[in-house]
Amino acid sequence: ERLNPNVDKQYSVTFGIRLYEGYVGKGLAKSFMIATHKDVEQYYPAQKIWLDFKTDNIAARRAYESFGYEYLGEEGVRVIMGYNPKV
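Quick caveat, the model's predicted, so the values are computed rather than measured. (Residues numbered from 1 in each chain as written. Predicted model: local features only at pLDDT ≥ 70, side-chain atom pairs only at ≥ 80, totals over all residues. Heavy atoms only, no water.)

**With respect to the overall build of the chain**
Now for step 1: Assigned secondary structure in the chain consists of two helices and four strands.
Now for step 2: Traced from its N-terminal end to its C-terminal end, the chain shows the element sequence β-α-β-α-β-β.
Now for step 3: On C-alpha atoms alone, the chain measures out to a radius of gyration of 13 Å, which is about the 12 Å that the 2.2 N^0.38 rule sets for 87 residues.
Now for step 4: Its C-alpha atoms give the chain principal-axis dimensions of roughly 35 × 30 × 20 Å.
Now for step 5: Going through the 87 residues of the chain one by one, you find that 28% of them count as buried.
Now for step 6: For the chain, the share of sequence-separated contacts (at least 6 apart) that also reach a separation of at least 24 residues comes to 57%.
Now for step 7: As presented, the chain carries roughly 6200 Å² of accessible surface, and 50% of it is formed by carbon and sulfur atoms.
Now for step 8: Mean positive and mean negative side-chain charge positions of the chain (12 and 11 charges, respectively) differ by 4 Å. (Helix = DSSP H or I, 4+ residues; strand = E, 2+ residues; numbered from the N terminus. Rg over C-alpha atoms; globule rule 2.2 N^0.38 Å. Buried < 20%, exposed > 50% of the residue type's maximum accessible area, 1.4 Å probe, protein only. Contact = heavy atoms within 4.5 Å. Areas by Shrake-Rupley, 256 points an atom, 1.4 Å probe, with all protein chains shown as cover. Lys, Arg positive; Asp, Glu negative; His and termini not counted. Charge placed at Lys NZ, Arg CZ, Asp CG, Glu CD.)

Dropping the structure here:
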């Protein structure tokens, strides 16, 4: 759990994945997100989740949007998105 002063306190869980060079562009992000999100929802049921990434990472934004994340704002060169689980 981690709070960000620029994110509503209801978003108390931060979510992040990192694909290292050599793995980017191989279609791994979606399956990895599905698997790890199940763990997040198991250990933090019904809690809002937030994440951030560099503003120029268009692929990340598309992936998160397709998973149900919504744009919350920007902090410098970072986009902040949030996920509200279906309860």
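Following the structure, the description resumes.
**Brief notes about the confidence of the model for the chain**
Now for step 1: Model confidence for the chain is summarised by a mean pLDDT of 84, while 92% of its residues fall at 70 or above.
Now for step 2: Averaged over each element, pLDDT in the chain is lowest for strand β1 (residues 11–14) (81) and highest for strand β4 (residues 78–83) (93). (pLDDT = per-residue confidence, 0-100.)

**A closer look at a nonpolar patch on the surface**
Now for step 1: Together, Y20, Y23 and L28 make up a nonpolar patch on the protein surface, roughly 340 Å² of accessible area in all.
Now for step 2: Its location among the elements puts Y23 in the loop between β1 and α1 (29–43). (Patch = residues over 30% accessible without salt bridge, like charges linked within 9 Å, V, L, I, M, F, W, Y side chains within 5 Å. Salt bridge = Lys/Arg side-chain N within 4 Å of Asp/Glu carboxyl O.)

**What to know about the sheet that holds strand β3 (residues 70–75)**
Now for step 1: Read from one edge of the open sheet, four strands run β1-β2-β4-β3, paired in mixed fashion. Looking at which strands have only one partner, the edges of the open sheet turn out to be β1 and β3. On average, each strand axis in the sheet is inclined to that of its neighbour by 35°, with strand direction left out of account.
Now for step 2: Here six bridges tie strand β2 (residues 48–54) to β4, and the two strands are oriented antiparallel to one another. Looking at the pairing, I49 lines up with Y83 of β4. (Pairing = 2+ DSSP bridges. Axes fitted to C-alpha atoms, helices over the stretch in contact; angles between N-to-C directions.)

**Some remarks on α1**
Now for step 1: With 15 residues, α1 ought to run about 21 Å at 1.5 Å a step, and its terminal C-alpha atoms sit 21 Å apart, in line with that.
Now for step 2: Among the residues of α1, those classed as buried are M33, H37 and V40. For α1, the buried positions fall inside an angular range of 60° around the axis, keeping them on one side. In α1, the exposed positions angled more than 90 degrees off the buried face are occupied by K38, Q42 and Y43.
Now for step 3: Looking at the buried side of α1, the elements it contacts are β1, β2, α2 (58–66) and β4. (Expected span 1.5 Å × (residues − 1). Arc of directions from axis to C-beta.)

**Quick notes on unusual backbone geometry**
Now for step 1: In this model, A46 sits at a positive phi of 60°, which is unusual for a non-glycine residue.
Now for step 2: Structurally, the position occupied by A46 is in the loop between α1 and β2.

**Focus: the environment of G68**
Now for step 1: Within the secondary structure layout, G68 lies in the loop between α2 and β3.
Now for step 2: Take G68: its relative accessible area is 38%, and that puts it in the partly exposed class.
Now for step 3: Along the backbone, G68 and S12 are 56 residues apart, and their C-alpha atoms lie at a distance of 17 Å.
Now for step 4: Not counting chain neighbours up to four residues away, the residues in contact with G68 comprise G82 and Y83.

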